[in-house]
Amino acid sequence: MRCFSIAVMLLSIILTSCNSGDKKVVDIIPQPQQLEIGSGSFALSGKLTINYRDDQSIIDLADYFTKLVKTNFDLDFVKSDNDYTENTLNIFYLGDISMYGEEGYKLIIDEKGIKIFAATDKGLFYGLQSLYQLMLTNKTESGIIVLPELEITDDAMFKYRGMHLDVGRHMFPVEFIKKYIDLLALYKFNNFHWHLTEDQGWRIEIKKYPKLTEIGAFRKQTLVGHGGKTPYVYDGKPYGGYYTQNEIKEIVEYAAERKINIIPEIEMPGHSLAALAAYPELACKPDSFEVAQRWGVFKDIYCTKEENFKFLEDVLTEVMELFPSEYIHIGGDEAPKDRWKECDVCQATIKREGLKDEHELQSYFIQRIEKFLNDNGRQIIGWDEILEGGLAPNATIMSWRGTDGGIAAAKQNHYAIMTPGSHCYFDHYQADPKNEPLAIGGYTNLEKVYSYNPIPDTLTRQEGRYILGTQANVWTEYMKTPEHVEYMVLPRMAALSEVCWTYPIHKDWNSFQNRIKEHFKIYKELDYNYCDHPFVVETEK
Ligand code: ACM
Ligand code: ZN
């Protein structure tokens, strides 16, 4: 964090004369908190001179912005150590957090040039994202960018702004994970929830347990069609893959450069069939398990035997070495208790610990994992099922089965992140299912996402402070390709970004509908697939 210091990155831009007939567009998403538009403009083309001061974070930001802008604009970048000048882009650390907020910034464009002020790196980064959107939406055919005169004062509504991606059901190349992270940056999201382990595939290399990826990362074949339709039909094609620790390090670094924290999710005690296929002794009743080939919830889960805690702690130790995130997601959802009910070891644990039932046994399981992670300076997030049987002392709840879990957590003074299926599940249909690619079901269109307010009315003002923010979940049973993931998240994640970032008084559905149409041009320019008919109205399924 940078306070009270002033450092300057200066991009001096060769000015060209401004064509007053050009359309001025301010189509920033998420909508900034304050925006005043003037009558003047600032035109740029040709050469950008970047002046480095002796400040590493300014240099890092300049490098990032240079790379970003170079891919879309025909501008030459020149390094220089000039001081502040007019007719340039000037980026300052200025003031303190009370002035701009932790992630806030001020962006001023006038005929003398462009200035961005913020108290932190994040603030400057978000100021640059707003500028980048302005550049993309104001690029003329001749390549000249004519920016409108304006003054923006902006800061985030919610501290947690997340996008999730399931790589267990289908796996995506490193290059796509980076492209996905770029989208998060464009829309000022600050957390990428990376769902790395599933019944259908274990996707993170763990050096101490090589079979997790040798065996657990590959399935024999995959279900064809919808998972709710029997008889099951399979494609007969082996499928799999995983991310090496080196690839993960590269992605974590890439995200950090974009002010995005990656929260890894290691599912337990359920959704663990791929791990059981690799190491059957982790189950209550070892068997010749196979990595799942269809979707759903499976009864074989981690047993609560003592050795399993050692296994999970070893796995989490390697996870912590890779991910600096304060939060580690430990799953906790959809863990059927059938096997625990039949297992002598699990029943003995219930007796020994004086637990009431298998829900309390799950709670005991999660609390042990929480203690281990807390002792290592980390905090856990779990799906809302971890409320059942008693909440682990410091856990944050991710509320997915509606909002009740988040409400219950907040009332117990626990933090919560709202991801209700009704508004935040981007695996649902976004338009008329008759004309859409196969999805899991549901219907969550753009307007519904946009309408979401993560703070439930039933909470008091004080309780509402425990709602950290919101996130969209992208489960990939029916998304086999990067293009399909892009189609499902765009433009819905733009709507969610406004839910996360913009204060409700500044949200406006009509204005958003106009701005999103301009963003379709950005998607084309940046080569993202997207749903181009998000305004159809479909009756609730
Ligand atoms: C979930 O959708 N099972 C968290
Ligand atoms: Zn057991």
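Residues numbered from 1 in each chain as written. Chains lettered and ligands numbered in written order. Predicted model: local features only at pLDDT ≥ 70, side-chain atom pairs only at ≥ 80, totals over all residues. Heavy atoms only, no water.

Caption draft 1: How the structure looks around the coordination of the zinc ion (ligand 2). Each protein donor to the zinc ion (ligand 2) is listed here as C284 (SG), C303 (SG), C343 (SG) and C346 (SG); together their distances run 2.3 to 2.4 Å. Considering all 4 donor atoms around the zinc ion (ligand 2), angles at the metal cover 107 to 115 degrees and the coordination shape is tetrahedral. Judged by relative accessible area, which is 16%, C284 ranks as buried. C303 sits in the buried class, given a relative accessible area of 1%. (Donors = N, O, S within 2.8 Å, 3.2 Å for Na, K, Ca; no water. Tetrahedral: all angles 85-135°; square planar, octahedral: opposite > 155°, others 65-115°. Buried < 20%, exposed > 50% of the residue type's maximum accessible area, 1.4 Å probe, protein only.)

Caption draft 2: Looking closely at helix 4 (residues 174-186). An ideal rise of 1.5 Å per residue puts 18 Å on 13 residues; helix 4 measures up with 19 Å between its terminal C-alpha atoms. Extensive coverage of helix 4 is indicated by the burial of 10 of its 13 residues. Taken as a whole, helix 4 has its buried residues at V174, F176, I177, K178, Y180, I181, L183, L184, A185 and L186. At the exit of helix 4 stands K188, carrying a positive phi of roughly 65 degrees. (Helix = DSSP H or I, 4+ residues; strand = E, 2+ residues; numbered from the N terminus. Expected span 1.5 Å × (residues − 1).)

Caption draft 3: The arrangement of the sheet that holds strand 18 (residues 379-383) in detail. Ordered by their spatial adjacency, 8 strands build a closed barrel running 8-9-16-17-18-19-20-23, and the pairing between neighbours is parallel. Recorded for the sheet is a direction-independent mean angle of 30 degrees between the axes of neighbouring strands. The sheet contact formed by strand 20 (residues 416-418) and strand 23 (residues 467-472) spans 3 bridges and is parallel. Its bridge partner lying in strand 23, I417 is registered against G469. (Pairing = 2+ DSSP bridges. Axes fitted to C-alpha atoms, helices over the stretch in contact; angles between N-to-C directions.)

Caption draft 4: Just helix 16 (residues 482-489), in detail. Within helix 16, 7 of the 8 residues are buried, which leaves the element mostly enclosed by the surrounding structure. All of the buried residues along helix 16 are P482, H484, V485, E486, Y487, M488 and V489.

Caption draft 5: Local environment of the pairing of strand 18. Most of strand 18 is tucked away: 4 of the 5 residues are buried. Pairing of strand 17 (residues 327-331) with strand 18 involves 3 bridges; the strand directions are parallel. When the sheet's bridge partners are listed, I328 is paired in strand 18 with I380. Relative to strand 19 (residues 396-399), strand 18 runs parallel, the two sharing 3 bridges. Within the sheet, the bridge partner assigned to G382 lies in strand 19 and is I397.

Caption draft 6: Summary view of the environment of T137. Within the secondary structure, T137 sits in helix 3 (residues 121-137). Distance from T137 to I251, taken between C-alpha atoms, is 28 Å for residues 114 residues apart in sequence. Filtering out sequence-adjacent residues up to four positions away, T137 remains in contact with V25, D27, E518 and I522. A polar side-chain atom of T137 sits 2.7 Å from the main-chain carbonyl oxygen of Q133. (Contact = heavy atoms within 4.5 Å. Polar contact = N/O pair within 3.5 Å; in protein donor to acceptor, adjacent residues only side chain to side chain.)

Caption draft 7: Summary view of the packing of helix 8 (residues 306-322) against helix 11 (residues 358-375). Where helix 8 contacts helix 11, the two axes come as close as 11 Å, and the packing angle between them is 40 degrees. As summarised for this structure, helix 8 and helix 11 are arranged oblique, according to the angle between their axes. For the crossing formed where helix 8 meets helix 11, the hand is right-handed. In this structure, helix 8 uses E306, F309, L312, E313, L316, T317 and M320 to contact helix 11, whose residues at the interface are Y364, F365, R368, I369, F372 and L373. Considered class by class, the residues forming the contact of helix 8 with helix 11 number 9 nonpolar, 1 polar and 3 charged. (Parallel < 35°, antiparallel > 145°, perpendicular 65-115°, else oblique. Left-handed = near helix turned anticlockwise from the far one by under 90°. Nonpolar A, V, L, I, M, F, W, Y, C, P; charged D, E, K, R; others polar.)

Caption draft 8: Here's a closer look at the pattern of salt bridges. The final tally for this structure, using the stated rule, is 28 salt bridges. The closest approach of N and O atoms between D384 and R401, which form a salt bridge, is 2.6 Å. One end of the pair, D384, is in the loop between strand 18 and strand 19; the other, R401, is in the loop between strand 19 and helix 12 (404-411), with 17 residues separating them in the sequence. For D384, a relative accessible area of 2% translates into the label buried. The structure contains a network of salt bridges with shared partners spanning K67, D182, E257 and R258. (Salt bridge = Lys/Arg side-chain N within 4 Å of Asp/Glu carboxyl O.)

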